[in-house]
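Residues per chain are reported as follows:
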Amino acid sequence: MRKGATKEQIDHVVDRLGERGYGANLSGSEVSVIGAIGVLDDDKARLAEQLQSLPAVDRVVPVLKRFKLASREFQPDPTIVNVDGLAIGGGALIVMAGPCSVESEEQLLSTAHAVKDRGANVLRGGAFKPRTSPYDFQGLGKEGLELLARAKRETGMPVVSEVLDPHDVGLCAKYVDILQIGARNMQNYALLREVGRSGHPVLLKRGGMYPTIENWLLCAEYILREGNRNVMLCERGLPVAGGETATRNVLDVSAVAVVHELSHLPIIVDPSHGTGKASYVPPLARAAVAAGADGLIIEVHPDPERALSDGAQSLTFDQFGSLMAGLDTLRPSRGTSAPAAAPAASR
Ligand code: PEP
Ligand code: MN
């Protein structure tokens, strides 16, 4: 819309889209941008011509990217995901922390209190674990979800946990605030549609067979298309090429800058899976924050040596505490105020 377009003029465009059965997404602070949703291919040219004739319309721009709803063209303002009152994206740095797997009441609750005391905003913990070997610990399942809910009641922290199976989305959504889609499942389209339909906040890890940034954003598009706007991306490292064994994965810090340019969705960085080794986690966490990540997700365990999964990359409580001290000062644009609740409309 032209600068200074009135509310009536904006509503008029939204109504015209509505008449044709299309949705509208409003954003932009200086200039209003109306993103049209669901426009049929053979209607695009005619619609553009008609809208262009309205005096308050500055220009009608087709979104050329293959991912539409996830693109900056569609929505210039950052998406702010409201997770139980915690605003993620476009503001303060959010830190999610906790064990790789929920193992026991004692392990989860002690970790929850420890990470909260050291400044974490969200508790992580896997109840359903995607393990390379079927003989490895597969997670506590529903019992793990119940423990996460208990940890939330005790600490007030929202919780994030992975959902592996489309049939478990309803169950997981009852217990957790953020549904994590693991790297192995990035392109599990049935699962993406199901978490999309749930309307629940989603953390979409980058991975799968073809983990390009475009594919990752197209996977986010599957969730957005179901009407779920609460999507966060998570960079967690790519498979190491050339037989390198020093790290588990290669953390792509550049993904933070690329995603911020291409998309309005928040990006969280996971330096734990990104490196696979506890001593590499703090430097990469700092690099991610300096690059402008909206948040971090970090594995922390009371006794990494005895962890049932991912002990080598898990920080002790003390190591997590040292990492947290001073992290905020690395933010590029000092958005360091306490996280405020996002407007209800973004939910
Ligand atoms: C995890 O978060 O513990 C996990 C299994 O992550 P990823 O899907 O990134 O491997
Ligand atoms: Mn893990």
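Reading the values: the criteria
Residues numbered from 1 in each chain as written. Chains lettered and ligands numbered in written order. Predicted model: local features only at pLDDT ≥ 70, side-chain atom pairs only at ≥ 80, totals over all residues. Heavy atoms only, no water. Donors = N, O, S within 2.8 Å, 3.2 Å for Na, K, Ca; no water. Helix = DSSP H or I, 4+ residues; strand = E, 2+ residues; numbered from the N terminus. Buried < 20%, exposed > 50% of the residue type's maximum accessible area, 1.4 Å probe, protein only. Axes fitted to C-alpha atoms, helices over the stretch in contact; angles between N-to-C directions. Left-handed = near helix turned anticlockwise from the far one by under 90°. Contact = heavy atoms within 4.5 Å. Nonpolar A, V, L, I, M, F, W, Y, C, P; charged D, E, K, R; others polar. Pairing = 2+ DSSP bridges. Domains from an automatic or database assignment. Right-handed = clockwise from strand over helix to strand, strands pointing away. Polar contact = N/O pair within 3.5 Å; in protein donor to acceptor, adjacent residues only side chain to side chain. pLDDT = per-residue confidence, 0-100. Expected span 1.5 Å × (residues − 1).

In this structure, what is going on with the coordination of the manganese ion (ligand 2)? I would like to understand it.
Octahedral metals with six donors have ideal donor angles of 90 or 180 degrees. Tetrahedral metals with four donors have an ideal donor angle of 109.5 degrees. At the metal site, the manganese ion (ligand 2) is ligated by Cys100 (SG), His273 (NE2), Glu299 (OE) and Asp310 (OD), and these contacts range over 2.0 to 2.4 Å. Coordination of the manganese ion (ligand 2) draws on donor residues from a single chain, spaced C-x172-H-x25-E-x10-D in sequence. A residue pair is termed long-range when its members are at least 10 positions apart, and Cys100 in the loop between strand E5 (94-98) and helix H3 (105-117) and Asp310 in the loop between strand E14 (295-299) and helix H11 (317-324) qualify at 210 residues. As far as burial versus exposure is concerned, Cys100 and Asp310 are alike and both buried.

I would appreciate a short explanation of the packing of H3 against helix H4 (residues 142-155) in the present structure.
The packing of two helices is summarised by the inter-axis angle and the distance between the axes. Here H3 crosses H4 at 35 degrees, and the two axes come no closer than 10 Å. Considering the relative orientation of H3 and H4, their crossing is right-handed. Contacts between H3 and H4 involve Glu105, Leu108, Leu109, Ala112, His113 and Lys116 on the former and, on the latter, Leu147, Leu148, Arg150, Ala151, Glu154 and Thr155. Split by residue class, the contact of H3 with H4 holds six nonpolar, two polar and four charged.

What exactly am I supposed to notice about the sheet that holds strand E13 (residues 267-269) here?
To summarise the sheet geometry, strands pair through backbone hydrogen bonds and adopt either a parallel or an antiparallel arrangement. Spatially, eight strands are ordered E5-E6-E7-E8-E9-E10-E13-E14 in a closed barrel, and the strand pairing comes out parallel. The mean inter-strand angle of the sheet, taken between neighbouring strand axes irrespective of direction, is 25 degrees. Here strand E10 (residues 231-235) runs beside E13; their pairing, made up of three bridges, is parallel. Bridging from a neighbouring strand, Cys234 pairs with Ile268 of E13. Across the sheet, helix H6 (residues 189-198) touches strand E8 (178-181) and strand E9 (202-205), and the angle it forms with E8 is around 170 degrees. The sheet strands contacting helix H8 (residues 254-262) are E10 and E13, and the helix crosses E13 at an angle near 175 degrees.

Looking at this structure, how should I read the domain arrangement of the protein chain?
Interface size, as often reported, equals the accessible area lost upon joining of the parts. Split by domain assignment, the protein chain resolves into domain 1 (7-52) and domain 2 (81-334). Put simply, the middle of domain 1 and the middle of domain 2, counted by C-alpha atoms, are 35 Å apart.

What am I meant to see in the pairing of E8 here?
The side chains of a regular strand alternate between the sheet's two faces. Because side chains alternate across E8, one face comprises the buried residues Ile178 and Gln180, and the other comprises Leu179 and Ile181, equally buried. On the question of chirality, the crossover connecting strand E7 (residues 159-162) to the parallel E8 by way of helix H5 (residues 169-175) is right-handed. Judged from the three bridges that link them, E8 and E9 form a sheet pairing that is parallel. Bridge pairing links Leu179 to Val202 in E9. A crossover links E8 with its parallel partner E9, the connecting element being H6, and its sense is right-handed.

I keep staring at the side chain of His301 and nothing clicks. Help me out?
When you line up the elements, His301 lands in the loop between E14 and H11. Looking at His301, its side chain comes within polar contact range of the main-chain nitrogen of Asp303, at 2.9 Å. Other than its neighbours up to four places away in sequence, His301 contacts Pro99, Glu103, Gln107, Arg306, Ala307, Ser314, Leu315, Thr316 and Phe317.

Would you take a moment to explain the confidence of the model for the protein chain for this structure?
For residues with low pLDDT, the predicted coordinates do not support detailed interpretation. Looking at the protein chain, the pLDDT average stands at 94 and 96% of residues meet or exceed 70. Between residues 334-347, whose pLDDT stays under 50, and residues either more than four places distant or in other chains, the model counts 29 contacts.

How do you make sense of H3 when you look at a structure like this?
Because the α-helix completes a turn every 3.6 residues, residues three or four places apart line up on one side. Helix length check: H3, at 13 residues, gives a terminal C-alpha distance of 18 Å against a target of 18 Å (1.5 Å per residue), a fit within 8%. Residues of H3 that are buried include every one of Gln107, Leu108, Leu109, Thr111, Ala112, Ala114 and Val115, and no others. Each element contacted by the buried residues of H3 is listed here: E5, strand E6 (122-124), H4 and H11. Gly119 sits one or two positions beyond H3 and adopts a positive phi of about 105 degrees.

What exactly am I supposed to notice about unusual backbone geometry here?
Among all residues save glycine, negative phi is the norm, and among peptide bonds the norm is trans. Phi angles above zero are rare outside glycine, and Asp84 is one such case at about 50 degrees. Checked against the element boundaries, Asp84 lands in the loop between strand E3 (81-83) and strand E4 (86-88). Despite not being glycine, Asp310 shows a phi value in the positive range, around 55 degrees.

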